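Chain residues, written in single-letter form:
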Amino acid sequence: MALMQDASDIGGIELLTRNATPTGETARIGIPTEGRRWSEIRSELLTRKSNDFDWRSGKVPLYVYHDDDELLAVSREAYCLYFSENALGGRAFPSLQRMESEIVRMALSLFRAPQSASGSFTSGGTESLFLALKTARDHFRARRASKVRPKVVVPVTAHPAFDKAAQYLDIDVVRIDVGADLRVNIDGVRRAIDSRTILIAGSAPCYPYGVFDSIAQLGEIANGEGVWLHVDACFGGFLAPFARAEGYPIPEFEFSVPGVTSLSADLHKYGFSARGASVLLYAKADLKAHQGFRFDDWPRGSYSTDTFLGSRSGGAIASAWAVTQYLGQTGYRRLARKIMDAKERLVRGIGDIPGLEVLKPSDLCIVLYRSTDQRVDINAVAEVLGTRGWFVGRSREPQALHLALNAVHAPIIEEYLSDLRCAVQHVRATGLQGKRDDSTY
Ligand SMILES: *Cc1c(COP(=O)(O)O)cnc(C)c1O
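Residues numbered from 1 in each chain as written. Predicted model: local features only at pLDDT ≥ 70, side-chain atom pairs only at ≥ 80, totals over all residues. Heavy atoms only, no water.

## Section: the overall build of the protein
- Counting its secondary structure elements, the protein contains 13 helices and 13 strands.
- Radius of gyration (C-alpha) of the protein: 23 Å, near the 22 Å computed for a compact globule of 441 residues.
- The C-alpha extent of the protein, read off along each of the three principal axes, is 65 × 65 × 45 Å.
- Burial statistics for the protein: of 441 residues in total, 51% are counted as buried.
- In the protein, the share of contacts with a sequence separation of at least 24, taken over all contacts with a separation of at least 6, comes to 71%.
- Total accessible area on the protein is roughly 21,600 Å²; 51% of this is exposed by carbon and sulfur atoms.
- Taking the average place of the 53 positive charges on the side chains of the protein and the average place of its 52 negative ones, the gap between the two points comes to 3 Å. (Helix = DSSP H or I, 4+ residues; strand = E, 2+ residues; numbered from the N terminus. Rg over C-alpha atoms; globule rule 2.2 N^0.38 Å. Buried < 20%, exposed > 50% of the residue type's maximum accessible area, 1.4 Å probe, protein only. Contact = heavy atoms within 4.5 Å. Areas by Shrake-Rupley, 256 points an atom, 1.4 Å probe, with all protein chains shown as cover. Lys, Arg positive; Asp, Glu negative; His and termini not counted. Charge placed at Lys NZ, Arg CZ, Asp CG, Glu CD.)

## A closer look at the sheet that holds strand S12 (residues 393–395)
- The sheet built from 4 strands is open, its strands ordered S10-S11-S13-S12 with antiparallel pairing. The two strands at the open ends of the sheet, each matched to only one other strand, are strand S10 (356–358) and S12. Taking the axes of each pair of neighbouring strands and ignoring which way they run, one obtains an average angle of 35° across the sheet.
- The pairing of S12 with strand S13 (residues 400–404) spans 3 bridges and is antiparallel. Among the inter-strand pairings, Gly-393 is bridged to a residue of S13, identified as His-402. (Pairing = 2+ DSSP bridges. Axes fitted to C-alpha atoms, helices over the stretch in contact; angles between N-to-C directions.)

## As for the pattern of salt bridges
- Inspection of every chain in the model, using the stated rule, returns 32 salt bridges.
- Measuring nitrogen to oxygen at the nearest pair gives 2.7 Å for the salt bridge that ties Arg-333 to Glu-246. One end of the pair, Arg-333, is in helix H11 (residues 314–351); the other, Glu-246, is in the loop between helix H10 (240–245) and strand S6 (262–266), and 87 residues separate them in sequence.
- Counted as one network, the salt bridges with shared partners bring together Arg-36, Glu-40, Glu-44 and Arg-48. (Salt bridge = Lys/Arg side-chain N within 4 Å of Asp/Glu carboxyl O.)

## Considerations on the site of the ligand
- Neighbouring the ligand are the residues Gly-124, Gly-125, Thr-126, Leu-129, His-159, Asp-232, Cys-234, Phe-235, Asp-266, His-268 and Lys-269.
- Between a nitrogen atom of the ligand and a side-chain N or O atom of Asp-232, the distance comes to 2.7 Å.
- Measuring from an oxygen atom of the ligand, one finds a side-chain N or O atom of Lys-269 at 3.3 Å.
- With the chains in place, 84% of the 380 Å² that the ligand exposes on its own is no longer accessible.
- Looking at the shell around the ligand residue by residue, the classes come out as 3 nonpolar, 5 polar and 3 charged. (Near = heavy atom within 4 Å. Polar contact = N/O pair within 3.5 Å; in protein donor to acceptor, adjacent residues only side chain to side chain. Nonpolar A, V, L, I, M, F, W, Y, C, P; charged D, E, K, R; others polar.)

## Describing the pairing of strand S2 (residues 151–155)
- Along S2, 5 of the 5 residues are buried, which leaves the element largely enclosed by surrounding structure.
- Neither face of S2 is left uncovered, since the one carrying Lys-151, Val-153 and Pro-155 and the one carrying Val-152 and Val-154 both have all their residues buried.
- The pairing of S2 with strand S3 (residues 172–176) spans 5 bridges and is classified as parallel. Across the sheet, residue Val-152 finds its bridge partner in S3, namely Val-173.
- Tracing the backbone out of S2, into helix H7 (residues 161–169) and back to the parallel element S3 gives a crossover that is right-handed.
- Pairing between S2 and strand S4 (residues 197–203): 3 bridges, direction parallel. Within S4, the position partnered with Lys-151 by the bridge is Thr-197. (Right-handed = clockwise from strand over helix to strand, strands pointing away.)

## A closer look at the nonpolar core
- Ranked by size, the top nonpolar core spans 103 residues in total, and within it Phe-111, Ile-200, Phe-253, Tyr-270, Tyr-369, Leu-385 and Leu-420 carry the most contacts.
- Examining the composition of this core, we find that 14 residues originate from one element, H11, more than from any other.
- The residues that make up this core include at least three from each of domain 1 (73–326) and domain 2 (338–430).
- Ignoring anything within four residues of it in the chain, the contact list for Ile-200 reads Val-153, Val-189, Ile-193, Leu-218, Ile-221, Ala-222, Val-227, Trp-228, Leu-229 and His-230.
- Ranked by size, the runner-up nonpolar core spans 23 residues in total, among them Val-152, Ala-165, Ala-201 and Trp-228. (Core = buried A, V, L, I, M, F, W, Y, C linked by side-chain atoms within 4.5 Å. Domains from an automatic or database assignment.)

## Topic: the environment of Thr-135
- As for its position among the elements, Thr-135 is in helix H6 (residues 125–143).
- On the basis of relative accessibility, which here comes to 0%, the residue Thr-135 falls in the buried class.
- Once the C-alpha coordinates of Thr-135 and Gly-292 are considered, the two residues, 157 residues apart in sequence, prove to be 8.4 Å apart.
- For Thr-135, the residues in contact, after removing those within four places along its chain, are Trp-228, Tyr-282, Leu-287, His-290 and Gln-291.

## Let's talk about the side chain of Glu-254
- Tracing the chain through its elements places Glu-254 in the loop between H10 and S6.
- Given a relative accessible area of 0%, Glu-254 falls into the buried group.
- Setting aside its immediate chain neighbours within four residues, Glu-254 contacts Phe-111, Arg-112, Pro-241, Arg-244, Val-260 and Leu-263.

## Let's talk about a nonpolar patch on the surface
- Judged by side-chain polarity, Phe-293, Phe-295 and Trp-298 come together as a nonpolar surface patch covering roughly 320 Å² of accessible area.
- With respect to the helices and strands, Trp-298 occurs in the loop between strand S8 (293–295) and strand S9 (303–305). (Patch = residues over 30% accessible without salt bridge, like charges linked within 9 Å, V, L, I, M, F, W, Y side chains within 5 Å.)

## Regarding the domain arrangement of the protein
- For the protein, the assigned domains read domain 1 (73–326) and domain 2 (338–430).
- The straight-line distance from the C-alpha centre of domain 1 to that of domain 2 is 31 Å.
- The interface is formed by 20 residues belonging to domain 1 together with 20 residues belonging to domain 2.
- Arg-183 is paired through a salt bridge with Asp-363; the nearest N and O atoms lie 2.9 Å apart.
- Joining domain 1 to domain 2, the criterion identifies 7 residue pairs in polar contact (both at pLDDT 80 or more).
- For the side of domain 1 that touches domain 2, the per-class residue count stands at 16 nonpolar, 2 polar and 2 charged.

Okay, here's the thing in structure tokens:
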């Protein structure tokens, strides 16, 4: 317990130790010889959980997308109805196949895909991006019998899952800087394209700054150079079209933009479904031919999967399907308004605190703010917020604090602002210096 005692009142240190394994527990442990009673296990789970940050009251600015208990109950009960079914078994569980297909078709229509389009349900943004790169690579190889090492060109702000996929798939990644407007430098992308380039990408929006790359300009390049354009709408895909419908200025990023080849969007973010739900969509169905896996040389028979996973949660599919049915477009629009309104209140409130400045522009619901006062160390502000129970997201470039707002934050904006105001005053008055901590997750 020595570590826990050190985690006194400084949020930053507390952050480091909360997840650390206390020294005594590093010893090898086995499965208990005799089973324990569920009531006892259950209360142990609740005890273990009690030291985690409280997402339900809006204290965590990312990871958990939540509105209210009713929506959560729909998502959870749907998940539980399909808790045991395995989506690997499409023939045994045709109802899961049908829901997957309906989710993909709803997404195709939301993102204005042409009739010729198709797609897959995946377990998350990482799998969607992995498959986009794998499919683009094999499509490229099928067209040119060349053995060159493939390369993708992405904005410096693109999600690390691009590099993760590229590492697994033996692909080079070139990351292009952003301009003053924080969108990818279009000439930089154009210059980086060569005969090895299998794909270029833009984010809609990117996670670090919340801005949309210019998908229209990337589409022009893609068409001109005959190169694959992937739009990573994992983060905001299920929010942006509804925010636009509510009158917020959201740039076009969907299949309606000429040149868009594929698009990824996560249901387990602003689709408000249980974790394990995303889609990867293609403008033309034949592109998907390069996505799947088939193996015939197995005593048990042929084995094939469309996506990366083998056994898959039926619960995640049922949750995603049920939440779309429960919310409907009206519900998603209501949530979009709630989130955008929360963002505007937060931006205004931070702007009113002397010594802080909101980084602009954020097209959707990411808020980034930094200190403009030498006496206010932003890392110290983060640590003081940590002592008040706020899990604080930080940005390295620029040194700033980072929030990805969703519906769970709407009711707590004023409380956050009040704690932030106090934290800034405290740091200014005491000259407190914080430690840099830009490990994202
Ligand atoms: C979250 C995210 C991803 C990765 O998705 P996971 O669901 O965490 O695997 C990819 N791109 C963007 C822009 C994201 O925000």
